[in-house]
There are 2 protein chains.
Amino acid sequence: MTAPPTTRLGPVAPARTGTSVLLPLGLDEVVLRGGFWGDRQRRNRTATLPHVTRQLEEAGNLANLRAVAAGDTTARHRNMVFADSDVYKWLEGVAWEQGREPAPELQRALRTTTDLLRAAQDDDGYLDTAFQLGEPGRRWTDLRSGHELYCLGHLTQAAIADVRATGADGLLEVACRFADRAVDLFGPGRREGLPGHPEVETALVELYRTTGEQRYLELATLFLDRRGRGLLGSGRFGSAYYQDDRPVREHRAMVGHAVRALYLATGMVDAYAETGDTSLLDAVVAQWDATLATKTYVTGGQGSRHLDEAFGEPYELPPDRAYAETCAGIASVMLTWRLLLATGEARYADDMERALYNVVAASTADDGRHFCYVNPLQRRGPGPARPDWYECACCPPNLLRLLASMQAYLVTRDAGGVQLHHYAAGTVDTHLADGRRVAFAVDTDYPASGRTTIRITGTDESPWSLALRIPAWADGATLRVAGATRPAVPDRRGYAVLTRTWRLGDMVTLDIDLPPRVLWPHPRIDAVRGTVALARGPVVYCLEQVDQPDADLADIAVAADLRPAPGRRGGLDTLEFDATVRVPATVGGAPYRSGHPESEERPVRLVAVPYHAWGNREAGAMRIWLPLRA
Amino acid sequence: MTAPPTTRLGPVAPARTGTSVLLPLGLDEVVLRGGFWGDRQRRNRTATLPHVTRQLEEAGNLANLRAVAAGDTTARHRNMVFADSDVYKWLEGVAWEQGREPAPELQRALRTTTDLLRAAQDDDGYLDTAFQLGEPGRRWTDLRSGHELYCLGHLTQAAIADVRATGADGLLEVACRFADRAVDLFGPGRREGLPGHPEVETALVELYRTTGEQRYLELATLFLDRRGRGLLGSGRFGSAYYQDDRPVREHRAMVGHAVRALYLATGMVDAYAETGDTSLLDAVVAQWDATLATKTYVTGGQGSRHLDEAFGEPYELPPDRAYAETCAGIASVMLTWRLLLATGEARYADDMERALYNVVAASTADDGRHFCYVNPLQRRGPGPARPDWYECACCPPNLLRLLASMQAYLVTRDAGGVQLHHYAAGTVDTHLADGRRVAFAVDTDYPASGRTTIRITGTDESPWSLALRIPAWADGATLRVAGATRPAVPDRRGYAVLTRTWRLGDMVTLDIDLPPRVLWPHPRIDAVRGTVALARGPVVYCLEQVDQPDADLADIAVAADLRPAPGRRGGLDTLEFDATVRVPATVGGAPYRSGHPESEERPVRLVAVPYHAWGNREAGAMRIWLPLRA
């Protein structure tokens, strides 16, 4: 046996053995080629990346850094207090792209921005333009809202991406110096500080993985353990907003600001992976289960409330005023990926898939240059679905960095083989723990169809396992291996596992049934009582007004035995079905009357399209949940 | 004929003849004696008033004024930028109470606070502690959010209350000096300013009514006419938030911040009443109609959104996240009262009644010392219903001033007689336009029952009309006059009108049927699809968890032919009925499944109580809308 060849690590790289059931593949071991995600990764590079670069320039995020680097501390800080973090997320995306496919302009962006950051960094390692421009006395005085540790987190992730994707460690040096400053200030025996916006925890664990320096892992766990003691104070929305109302291990469901809660859980799983502290994993598993069951939209969106960008109460899931922030969807993907690595259970890949197809994919417009911050499940009228930028621009560069590293979130390996969690066209070329090379090509147009064909392109004479996720929503699936067809029966973790001595050219065909599904909400979800939603495979469908010339979306109703038929129009997969238009009797006065409201009814044919495609045509009403004809 | 005796005017006193169809009675011409509103007015005086006094002291609102009066401009301003307005609303309430029933401590509060305000006022008339404490250069620089004109409005209303209720004009002098400063700055040909938070418009019209000074009316109409030209800029929530997105006459429904929109409309009707500009009245009537039909809760609450305290889209009426600010309910009462005066149409009294019984009455706890700011129609779990104060404390003193002048909002007169809009126990002793005295006693326990008895206690030998509102929700009503019973048939304005030559001791008995009503929402209100609500008379009912030992409120369902039976328990009127508990099958994972959700069902008897009484017992879930058994 030969030692495994060195590969470049991707965005989440557990170092300790024995805690993670599955391991990620190397960054360059999976290559997307077209298909749903390959096309989006390409658009991310060609359209989104230059757009974000331009916007960061225009919004002043880079100007802040230049002012500090030039020593001009009298310049006014532009943009939000966490403006630097948007630069870091962009930089992380640029690094992943440069690793995927080098280009001179990406290389230039990485190197000049690294130089800029080095120049902007203070002698003591401090680096946060929101406080470097302005009164120096304000540094570290507002850990609740100042976002300095949050910015450190994103800087660190960008630096790790750069070193992993390109091998350049200049940015890592900057990140380590800032992290060391944080260790000095908040490490063991020092000030009992903690960040109001979690994110640095996961970054510090990754920094430990990258550098081997124990102090970063220690600081991450300190930040986790300090929560829930009221150290942050209550602020405008109370301590639950910051997940500081109780210790991290004592939460039974996610509360407060959704992105904060999800990033925090992400850091907890990372800390578990390196420390083996199962109380962290157990807590996150329990919290995730409850959050999934009571605080998650059918799209996978999370965080219902506009006011404080927070999870609401259990079953508080309004479709029209859904907040479902794009960053929360991204954070949920990051969390479920870590839970998948930690447990090997397909249910986390199912959850991840839901958020990928119905939040992440929905957040960017077809042009790659307009983005949802909020991802509503209903719109009552016209209005732009996606602006091209935001004053609080956390989401677009977050999409950028995720899509730039998308291939790292699809496939894993363990001692005995390789697991395909998500079906995407491309190639896999990796090695098992014992050093054996395994490689195969994946051909699929999933989720348009449920067929995925795998052709073995690298193997030796000894057996290994190919595990294929059978989604929980799948009513049935079949496998064709070496000419024989049989039902694809998932094991207890949710995978159909083929263990064989493979030969080059062996073909595996997985056919997952993708009939349209009519989804009924849990009866406690008050906001969508008396409605159903449509899905096909992992894709949730919606109705857009533009497709219904004969019906106002406000007045449609469907039968309980609705039978949608798959179709295709204008480049979109559709579901088409008979329904009713109920035109309410015109009334004045208050809209509450004794007796069932009267209406005139007429039949109509309706057309649903994938929710991820909404808002790309004529602006108008949109709805996922379809009222049932009472 | 003798001239009408001079009476003290109440809170809304149109001066021009011919524009108002109905005129308010004098402040002392209606006296509440017990009953629903008499008891609440009493509690307002004995519990709420001293509580608000104490809270304003503790919160620093009075300290701000004392600091400015003492010339200590280095003191830090405490509380919100509009902190002074809470003092003015309190002062207005104190004045109305002193007029109703003099007391030395009320007199002292009025006089010492007047002295304090006089001392705090600048030589040029300016008076706003938020800007007097702090940089003087900031005055009048932020009309969008600075609230200086809003504070002037409330000061003016307090001053008018004082002069009308007690005859003292010291406060009026202070208000006129500040108003004159505003005329200097923003009057004809001066700076084109306007307030970000309307309120001063109605106050300036009243100031014109009180002083006869045309310039105040002129400034009010200028402020109205300047709206919709973008002069305020867009701010965080856009110009519609400030009703500055289009001219006031061009809005077709209310938009933006609900209290702002309602106060603005209030000023528009007042301006109409004095100028005869029917385009103002027409616009408000159209806006109100649309707002009532599409943006009003079954409680009369208005303004759905937490984020910007705003009206949402048409039919966006979530019960759990209802904002329905108390101040918006109060503002809607002020608006519908003015519309009632202007038009004489009972429908506005109906709307007013809805908000009075289900928002205003619901906002204060039984103890008179805890208040709702937000008035939700559903709560899923425990938690205090009403805090005893708020950082933004606009609502409690607003309740104070309304309830202290409550008797002024019940009865009107016109040339030919008197109109009873709201049935409340007490006495009426007034005069008609020709000077004739008419007086009667009202005996009723409305809304507990629908019976109201009126005994004539003052009349002469000539005929006059007694008009009794027949609420639109009433299925039937009967009148017994001088021993004869007949159906109470409303005229086209909504009143049963009795025109006769009355004799002292004549008795009229009105019996309005109050059977329980099952209310169905308009099918476009997505958030309450598949539910019904219960009402009896003007009172909306709710279920509180504390009354249902055998059912979790999250799991109840009622039949479409629900027949609630009136009852009484623990001092509360109830509606009791058979229903079902559906315990959902325990499921993990996402709460969306193919197929109708399974549940175990069992019968249960449920008890509803008036919504205005909610939250006074053990904290727990509460809901107005009851899911229908599918």
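Look up a bit, the structure's there.
Residues numbered from 1 in each chain as written. Chains lettered and ligands numbered in written order. Predicted model: local features only at pLDDT ≥ 70, side-chain atom pairs only at ≥ 80, totals over all residues. Heavy atoms only, no water.

Participant: Quick question: what am I supposed to make of the relation of the copies chain A and chain B here?
Facilitator: Put simply, the two copies of the chain differ by a rotation about an axis and a shift along that axis. Of the transformation placing chain A onto chain B, the axial shift is 0.0 Å and the rotation is 180°, giving an RMSD of 0.0 Å. The symmetry that links the two subunits is that of a two-fold axis. Most of the interface of chain A is mirrored in chain B, where 100% of its interface residues again form contacts. (Least-squares fit on C-alpha atoms with pLDDT ≥ 70 in both. Contact = heavy atoms within 4.5 Å.)

Participant: Got a minute to help me understand the sheet that holds strand β8 (residues 451–458) of chain A in this structure?
Facilitator: Sheet strands line up and pair through hydrogen bonds in the backbone, either parallel or antiparallel. All names here are of chain A. If you trace the seven strands from one edge of the open sheet to the other, you get β2-β6-β7-β8-β13-β10-β11, paired in antiparallel fashion. Every other strand in the sheet has two partners, leaving β2 (30–32) and β11 (484–487) as the edge strands with one partner each. Neighbour to neighbour, the strand axes of the sheet diverge by 15° on average, direction disregarded. With five bridges connecting them, β8 and strand β13 (residues 507–512) associate as antiparallel partners. By the bridge assignment, Arg455 is partnered in β13 with Met507. (Pairing = 2+ DSSP bridges. Helix = DSSP H or I, 4+ residues; strand = E, 2+ residues; numbered from the N terminus. Axes fitted to C-alpha atoms, helices over the stretch in contact; angles between N-to-C directions.)

Participant: Teacher, can you tell me more about the packing of aromatic side chains here?
Facilitator: Residue and element names in this part refer to chain A. Applying the stated criterion to the full structure yields 38 aromatic pairs over all chains. Ring geometry for Phe36 against Trp37: centres 4.9 Å apart, planes inclined by 70°, an arrangement best described as edge-to-face. Each ring, one from Phe237 and one from Tyr241, has its centre 5.1 Å from the other, and the planes form 45°; the classification is tilted. Exposure remark for Tyr241: the relative accessible area of 12% places this residue in the buried category. (Phe/Tyr/Trp six-rings, centres within 6.5 Å; stacked < 30°, edge-to-face > 60°. Buried < 20%, exposed > 50% of the residue type's maximum accessible area, 1.4 Å probe, protein only.)

Participant: Before we go on, may I ask you to explain the interface of chain A and chain B in this structure?
Facilitator: Many descriptions give the size of an interface as the accessible area lost when the pieces come together. With 49 residues of chain A in contact, the opposing surface of chain B contributes 50 residues. Interface area, chain A with chain B, both sides summed: about 4300 Å², of which 55% is carbon and sulfur. On the surface where chain A and chain B come into contact, there are twelve salt bridges. The salt bridge partner of Asp552(A) is Arg524(B), with a shortest N-O separation of 3.6 Å. Applying the counting rule to chain A against chain B returns 20 residue pairs in polar contact (both at pLDDT 80 or more). Breaking the side of chain A that touches chain B down by element, the ones donating at least two residues are α11 (278–294), β14 (516–521) and β20 (592–594) of chain A. Ranked by the residues each element gives to the side of chain A that touches chain B, the list is headed by β14(A), at five residues. As judged from the three bridges shared by β20(A) and strand β14 (residues 516–521) of chain B, these two strands associate in the antiparallel manner. Along β14(B), the bridge assignment pairs Arg593(A) with Trp520(B). (Buried area = accessible area lost by both parts, 1.4 Å probe. Salt bridge = Lys/Arg side-chain N within 4 Å of Asp/Glu carboxyl O. Polar contact = N/O pair within 3.5 Å; in protein donor to acceptor, adjacent residues only side chain to side chain.)

Participant: Sorry, what's going on with the pattern of salt bridges here?
Facilitator: Enumeration according to the criterion identifies 93 salt bridges over all chains in this entry. Across the salt bridge formed by Asp429(B) and Arg437(B), the nearest N and O atoms sit 2.8 Å from each other. In this structure Arg437(B) comes out as partly exposed when scored by relative accessible area, which is 44%. Among the charged side chains, a salt-bridge network with shared partners connects Arg164(A), Glu206(A), Arg209(A), Asp270(A), Glu274(A) and Arg338(A).

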